[in-house]
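Structural characterization, general
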Amino acid sequence: MAVSAEIRPDASPVELSSEEVARRVAILRRFRELLQAQRDRFRDYLTVLDKQKDLIEQGDAGDLLTHVELEEQIVADIFAIQKVIDPLEAMYRTAYPESASVRAGDNVAPVSEVTNLKTALEDLKTEAIARTERNKALLVNQMDEIRKEIKTLKKNPYKAARPVYSDEGTASLVDIRG
């Protein structure tokens, strides 16, 4: 039983079975869910980067280490989700022509929603890269300041070359011949 027709610009309408429509709707929903999860992880990553910026400016190394570890976990999650998204996107592209919708009864899953999610993901990626670069520059500046401070501590004019109460300068041999 044909439920819906898919119209392709280069071909005539193709009748789809209800099973095919259900399969395509399931693919689209799963793809959309993964894109939303990816978007949420990127938002979490941006939040962590903002907090990390504050910690860098404050110079709090302990909390900074915690945020770096959290950042590594989020990036690993982002890559794991991306590994699933890439093959699903390829399957999605073969199943759906551009600018179409999949209809299954009252359920409509517009392709434009997925396109909007992908655009939002790209924007979040760009923002994450910019914030990471900003934090990296802040860290470099902070490290330079610490290096300068260490150099000034090494050149302390109050630091004596030898201890005041050292045994240097006392006789160790006595001439008894006279």
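The preceding data block contains the structure.
A brief structural summary.

Basis of the calculations
- Residues numbered from 1 in each chain as written.
- Predicted model: local features only at pLDDT ≥ 70, side-chain atom pairs only at ≥ 80, totals over all residues.
- Heavy atoms only, no water.
- Helix = DSSP H or I, 4+ residues; strand = E, 2+ residues; numbered from the N terminus.
- Buried < 20%, exposed > 50% of the residue type's maximum accessible area, 1.4 Å probe, protein only.
- Contact = heavy atoms within 4.5 Å.
- Areas by Shrake-Rupley, 256 points an atom, 1.4 Å probe, with all protein chains shown as cover.
- Expected span 1.5 Å × (residues − 1).
- Core = buried A, V, L, I, M, F, W, Y, C linked by side-chain atoms within 4.5 Å.
- Salt bridge = Lys/Arg side-chain N within 4 Å of Asp/Glu carboxyl O.

Moving on, we get to the overall build of the protein. Looking only at helices and strands, the protein has 3 helices and 4 strands in total. Moving toward the C terminus, one meets the helices and strands of the protein in the order β-β-α-α-β-β-α. Within the protein, buried positions represent 26% of all 178 residues. Put simply, of all contacts in the protein between residues at least 6 apart along the chain, 68% involve residues at least 24 apart. When the accessible area of the protein is evaluated, it comes to approximately 12,700 Å², of which 55% is carbon and sulfur surface.

Our next topic: the environment of Thr 152. Position of Thr 152 among the secondary structure elements: in helix H3 (residues 111–154). Of the residues examined, Thr 152 reaches a relative accessible area of 53% and is grouped as exposed.

Turning our attention to the environment of Arg 93. Locating Arg 93 in the fold gives a position in helix H2 (residues 61–95). Along the chain, Arg 93 and Leu 28 lie 65 residues apart, while their C-alpha atoms are 10.0 Å from each other.

Turning our attention to helix H1 (residues 18–58). The terminal C-alpha atoms of H1 lie 60 Å apart, and with 41 residues this matches the ideal 60 Å at 1.5 Å per residue to within 8%. Once H1 ends, the next one or two residues include Gly 59, with phi positive near 80°.

Phe 31, Leu 35, Phe 42, Tyr 45, Ile 85, Tyr 92 and Val 114 are the most contacted members of the largest nonpolar core, which totals 21 residues. Elements with a minimum of two residues in this core: H1, H2 and H3. If we ignore the near neighbours within four places in the chain, the residues touching Phe 42 are Ile 78, Leu 121, Leu 124, Lys 125 and Ala 128.

Another aspect to go through is the pattern of salt bridges. In a structure, side chains of opposite charge can pair up when their charged atoms sit close to one another. Following the criterion strictly, the structure yields 12 salt bridges and no others. Note that Glu 57 and Lys 53 form a salt bridge whose closest N and O atoms lie 3.6 Å from each other. Here Lys 53 and Glu 57 lie together in helix H1, a separation of 4 residues that amounts to about one turn. In this structure Lys 53 comes out as partly exposed when scored by relative accessible area, which is 22%. In this structure, Glu 127 engages Arg 131 in a salt bridge whose closest nitrogen and oxygen atoms are separated by 2.8 Å.

So, about the side chain of Arg 39. With respect to the helices, strands and loops of the structure, Arg 39 is situated in helix H1. According to the relative accessible area criterion, Arg 39 is buried, its value standing at 18%. With residues near it in sequence (within four places) discarded, Arg 39 still touches Leu 117, Leu 121 and Leu 124.

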